[in-house]
Amino acid sequence: MFPNSILGRPPFTPNHQQHNNFFALSPTFYSHQQLIDAQFNFQNADLSRAVSLQQLTYGNISPVQTSTSPIFRGRKRLSDEKNLPLDSKRQRFHSPHQEPTVVNHIVPLSGERRYSVPPLFHTPYVPEIVRCVPPFREIPFLEPREIILPEAKDKLSQQILELFETCQQQVSDLKKKELCRAQLQGEIQLLFPQSRLFLVGSSLNGFGTRSSDGDLCLVIKEEPVNQKTEARHILMLVHKHFCTRLSGYIERPQLIRAKVPIVKFKDKVSCVEFDLNVNNIVGIRNTFLLRTYAYLENRVRPLVLVIKKWANHHEINDASRGTLSSYSLVLMVLHYLQTLPEPILPSLQKIYPESFSLAIQLHLVHQAPCNIPPYLSKNESSLGDLLLGFLKYYATEFDWNSQMISVREAKAIPRPDGIEWRNKYICVEEPFDGTNTARAVHEKQKFDMIKDQFLKSFHRLKNKRDLNTILPLRTAILKR
């Protein structure tokens, strides 16, 4: 997939050296001089690639031997090295040690465990002496019980379940994204050796579909970075690296100068599109908060998927065009399920504050979902009733002018007086940093279009109770 490996496989260390360092972060501070060093690393990237034979194992697949860039193989590498200056040869043998990347193992589901969230990792993390992250005891990752989908007793609920089973992200989809993440981490570490690349968003939070893009967060340090200056400069280096070194593997890399700048690109091998940001650490934390909600109750994921498909079909699910982001839509669904007369979901941050504390270091945040049992609600509403109730709530009951959606509080709360909330049509509180996730909706025309679609869809679905009246199933399934 990338120059540092063959057959699209990420580097993997021998078994006796394996350890889970995916969430291990050194508290690194990148100064101006270090950014200059990163530019130097970029210019010398090809010369600093170390040679290592490593293994990758997925499930029952036999290990695959990996090597370095296809530019240097066998005799051709020997002949090329003859022409390199002595300093370059010395640099190759004395290049900085690169941390091995570790793939998130996908563990088969089991019916014998009481926990409800699929673990992401199976190999326990073993801290190295050279790391600054405090050591901790090895914690076994418990395999979850198998998630049983709710029973569909009516046509509308059956349609929702069929759409979910067809369009939900598969394990194979996640593996493709993880392979790409692992490879990219190795490439980016040529520029920033202590950095880590995280897969975040719908790919990991349980609400992904087969067509979901991949979201990546490049963490340079655990402290915030200036998104207008430092993050943009880092992404410029990454973008240049993609354009020059990885042009055969990455398609259409674009640097988007938004409030949180990103590099958009498409992996030619997996055909997955990615958005890569720098140090948007709240995205890592909310990924695992949403993942916990996703597996807390078996009606949550099918309901979220059908609502995302509905919003996408009616063109109100695109923050870049002034409508709702998928993240805001998910928070709106969770909020609705929390505010029912008999709630289907609680506030996890209230019940388990220690599991979702901002004080938890990034290499530990993935453990929280594994320690929270399923939520047993007395509400027995069908998926069809819940979809209809969701549309009705935001079409006729929620007060857009004075209220803010808060999953953290599990209720609608008064809008704050801060400047970020003034003149905003939709206010959805980010559970960790308290910002407005729906700030993209800044035009009255787009806001009216969103409200109108809620109202129209509610009346159509109420009259027919057929999903096709608000979301053509054939079209939705084709898009996956």
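Please refer to the structure placed before this passage.
The rules we used
Residues numbered from 1 in each chain as written. Predicted model: local features only at pLDDT ≥ 70, side-chain atom pairs only at ≥ 80, totals over all residues. Heavy atoms only, no water. Helix = DSSP H or I, 4+ residues; strand = E, 2+ residues; numbered from the N terminus. Expected span 1.5 Å × (residues − 1). Buried < 20%, exposed > 50% of the residue type's maximum accessible area, 1.4 Å probe, protein only. Contact = heavy atoms within 4.5 Å. Pairing = 2+ DSSP bridges. Salt bridge = Lys/Arg side-chain N within 4 Å of Asp/Glu carboxyl O. Polar contact = N/O pair within 3.5 Å; in protein donor to acceptor, adjacent residues only side chain to side chain.

Attention shifts here to helix α12 (residues 383-397). With 15 residues, α12 extends 20 Å between its outermost C-alpha atoms, agreeing within 8% with the 21 Å of an ideal straight helix rising 1.5 Å per residue. Those residues of α12 not exposed but buried are Leu 383, Gly 384, Leu 386, Leu 387, Leu 388, Gly 389, Phe 390, Leu 391, Tyr 393 and Tyr 394. Residues of α12 that are buried sit in contact with α4 (155-167), α9 (300-313), α10 (326-338), β6 (403-406), β7 (411-414) and α13 (444-464).

The next point concerns the pairing of strand β1 (residues 196-200). Among the five residues that make up β1, five are buried, leaving the element largely enclosed by the rest of the structure. Side-chain alternation along β1 places Arg 196, Phe 198 and Val 200 on one buried face and Leu 197 and Leu 199 on a second face that is also buried. Here β1 pairs with strand β2 (residues 214-219) via five bridges, running antiparallel. Following the sheet pairing, Leu 199 is matched in β2 by Leu 216.

Looking now at the pattern of salt bridges. Scanning all chains against the criterion turns up 15 salt bridges. Between Lys 155 and Asp 466 there is a salt bridge; the shortest N-O distance is 3.4 Å. In this pair, Lys 155 is assigned in helix α4 and Asp 466 in the loop between α13 and α14 (473-479), connecting sequence segments 311 residues apart. Accessibility expressed as a relative area gives 52% for Lys 155, which makes it exposed. The partner of Lys 456 in a salt bridge is Asp 452, with the nearest N and O atoms 3.2 Å apart. In this pair, Lys 456 and Asp 452 both sit in helix α13, four residues apart, roughly one turn of the helix. A relative accessible area of 38% means that Lys 456 is categorised as partly exposed. Residues joined by salt bridges that share partners form a network here, namely Lys 350, Arg 408, Glu 409 and Glu 429.

Now for the environment of Trp 400. Mapped onto the secondary structure, Trp 400 falls in the loop between α12 and β6. By relative accessible area, which is 8% here, Trp 400 ends up buried. Between the alpha carbons of Trp 400 and Ile 426 there is a distance of 6.4 Å; along the sequence they are 26 residues apart. When residues no more than four places from it in sequence are discounted, the contact partners of Trp 400 are Met 332, Tyr 394, Arg 415, Tyr 425, Ile 426, Phe 447 and Lys 451. A polar contact is formed between the side chain of Trp 400 and the backbone oxygen of Tyr 394, at a distance of 3.2 Å.

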